[in-house]
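# Topology and contacts: notes
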Amino acid sequence: MTGRTGYRAAGRWLAAWIGCLYIVISAGCAVRPERPAPPRLMEARRLATEGSGWYRKGCVKRAEQYFYQALEASRLVDDVEGMVRAHNNLAVVAMAQGYYDEASVHLKRAWELNDRAKSTEEGPLILGNLGSLAYKVGRYQDAEGFWRQALAAAEGGGRQSGLVLHLNNLGMVMRQQGRLPEAETMLRRALSLTGENEEGSTGNTHFQLALLAETRDDPSTAERHLSMALALDRGAENPRGIAQDLEQLGILHQRQQSWDRAAGELDRAIRIYAALGSIEKVEAVFRLLDANREASGMPASLDPYRGLLVPPGEEWESPLCQ
């Protein structure tokens with residue numbers, strides 16, 4: 001595996017190549033062939049699927065290992081689309097760890113390879129991931145441009161699976177720019193498109209609609225959407241989504257000075273983040289609990305939460321990922 005620091009110069013060169021890149025995770029679901037695929041090709045696909053499963057559980061490092069193995073397995077049989085998928089997924093896990101230059105390199109390679117593969121499934125996902133990368137580094141106008149391209153590519157290729165994701169992202173960035181009517185249009189369209197197999201995306205749509213309602217100072221609508229998001233994420237067994245919903249509910253109830261409710265939701269959120277090994281989120285929710293206690297005395301003690309914090313510079317991995 002290439003060293004992280006070696007990607008910095010490559011990332012700067014890549015920025016000159018395309019300005020900034022977007023990111024979206026690929027589920028690794030290629031169109032099934034009519035005949036059984038050769039064993040090595042099946043192995044590459046199995047590794048990609050395994051990595052996607054670990055990623056959905058929040059086990060980023062474990063997912064990364066499988067995606068690298070999927071890349072090597074795809075190379076052995078010259079499966080170009082498999083290599084595109086692997087580089088795309090490796091970009092996602094690099095972004096999740098804050099390695100943005102490394103993510104840029106993977107996305108550049110995925111884009112180059114897809115120029116040969118012409119995958120109507122992976123192409124929009126690469127564009128979407130390029131948008132996510134631009135967003136993460138604060139280039140919101142570039143992010144919107146890539147997400148619009150991703151949306152158009154998904155629609156042009158007849159792909160429904162990525163539309164909700166791209167619409168959610170566009171709604172998010174428009175809300176942050178104060179373009180609230182446009183944001184609502186995108187999110188309402190996402191809500192209308194969501195099918196039975198996209199519970200996680202539906203949860204995120206309701207989450208974004210909740211943030212939009214909060215921006216409009218409409219806490220009752222915000223709480224309704226957050227409650228719907230929480231129910232859907234529970235149904236989809238999406239722990240990261242559940243924690244995010246609980247955290248935002250805690251923030252909402254703090255603003256309403258409902259200290260007891262806020263403490264209960266933040267308690268559940270911080271414990272999920274700790275189980276996932278999301279160190280930064282644990283620290284963020286700990287600060288919210290601290291503020292809640294200072295304002296109201298709830299919770300009675302922060303000592304149970306101090307043990308969830310990880311000392312600076314120390315790495316920790318969830319037992320769920322081992």
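Conventions adopted
- Residues numbered from 1 in each chain as written.
- Predicted model: local features only at pLDDT ≥ 70, side-chain atom pairs only at ≥ 80, totals over all residues.
- Heavy atoms only, no water.
- Helix = DSSP H or I, 4+ residues; strand = E, 2+ residues; numbered from the N terminus.
- Buried < 20%, exposed > 50% of the residue type's maximum accessible area, 1.4 Å probe, protein only.
- Areas by Shrake-Rupley, 256 points an atom, 1.4 Å probe, with all protein chains shown as cover.
- Salt bridge = Lys/Arg side-chain N within 4 Å of Asp/Glu carboxyl O.
- Disulfide = S-S within 2.5 Å.
- Axes fitted to C-alpha atoms, helices over the stretch in contact; angles between N-to-C directions.
- Parallel < 35°, antiparallel > 145°, perpendicular 65-115°, else oblique.
- Left-handed = near helix turned anticlockwise from the far one by under 90°.
- Contact = heavy atoms within 4.5 Å.
- Nonpolar A, V, L, I, M, F, W, Y, C, P; charged D, E, K, R; others polar.
- Expected span 1.5 Å × (residues − 1).
- Core = buried A, V, L, I, M, F, W, Y, C linked by side-chain atoms within 4.5 Å.

### What about the overall build of the protein chain?
Counting its regular elements, the protein chain contains 15 helices and zero strands. Per-residue burial for the protein chain yields a buried fraction of 48% across its 322 residues. As displayed, the protein chain offers around 15,700 Å² of accessible surface, 50% of which is attributable to carbon and sulfur atoms.

### Details of the pattern of salt bridges
Under the criterion given, the structure shown has 19 salt bridges. Of the charged contacts, one joins Arg179 and Glu144 as a salt bridge, the two residues approaching to 2.7 Å between their closest N and O atoms. Taken as a pair, Arg179 in the loop between helix H8 (163-176) and helix H9 (180-193) and Glu144 in helix H7 (residues 140-156) lie far apart in primary sequence, 35 residues in all. By relative accessible area, Arg179 is classed as partly exposed at 22%. With relative accessibility at 10%, the residue Glu144 sits in the buried group. As a salt-bridge pair, Asp267 and Arg271 come within 3.1 Å of each other at their nearest N and O atoms. Residue Asp267 and its partner Arg271 are located together in helix H13 (residues 259-276), separated by four residues, close to a single helical turn.

### Describing the state of the cysteines
Taken as a whole and judged by the stated rule, the model has one disulfide. With its sulfur 2.0 Å from that of its partner, Cys59 forms a disulfide with Cys321. A torsion of -80 degrees about the S-S bond marks the disulfide between Cys59 and Cys321 as left-handed. With Cys59 in the loop between helix H2 (39-56) and helix H3 (60-76) and Cys321 in the segment after helix H15 (303-306), this residue pair connects regions lying 262 residues apart in the sequence. Given the relative accessible area of 4%, Cys321 is considered buried.

### Focus: the packing of H3 against helix H4 (residues 80-96)
Where H3 contacts H4, the two axes come as close as 9 Å, and the packing angle between them is 160 degrees. On the basis of their axis angle, the class for H3 and H4 is roughly antiparallel. As H3 runs across H4, the sense of the crossing is left-handed. Residues Val60, Ala63, Glu64, Phe67, Tyr68, Ala70, Leu71, Ser74 and Arg75 of H3 form the contact with H4, whose participating residues are Gly82, Met83, Ala86, His87, Asn89, Leu90, Val93 and Ala96. Residues that form the contact of H3 with H4 fall into these classes: eleven nonpolar, four polar and two charged.

### Digging into helix H5 (residues 100-117)
The terminal C-alpha atoms of H5 lie 25 Å apart, and with 18 residues this matches the ideal 26 Å at 1.5 Å per residue to within 8%. For H5, the complete set of buried residues consists of Glu102, Ala103, Ser104, His106, Leu107, Lys108, Ala110, Leu113 and Asn114. Immediately beyond the C-terminal end of H5, within one or two residues, lies Lys118, with a positive phi of roughly 55 degrees.

### Quick look at the nonpolar core
If you look at the biggest cluster of nonpolar residues, it comprises 32 residues, and the most contacted ones within it are Leu90, Val93, Ala103, Leu107, Ile126 and Leu130. Those elements giving two or more residues to this core turn out to be H2, H3, H4, H5, helix H6 (122-136) and H7. In this structure Leu90 touches Glu64, Phe67, Tyr68, Leu71 and His106, once residues within four positions along its chain are discounted. Ile251, Leu266, Phe286 and Leu302 belong to the second-largest nonpolar core, a separate cluster that totals 26 residues.

### Observations concerning unusual backbone geometry
Here the amide bond leading from Met298 into Pro299 is cis, since omega sits at 0 degrees, within 30 degrees of zero. A positive phi is found at Lys118, a non-glycine position, where the angle reads about 55 degrees. With respect to the helices, strands and loops of the structure, Lys118 is situated in the loop between H5 and H6. Residue Asp217 is not a glycine yet carries a positive backbone phi of 60 degrees. Tracing the sequence through the fold places Asp217 in the loop between helix H10 (199-215) and helix H11 (219-235).

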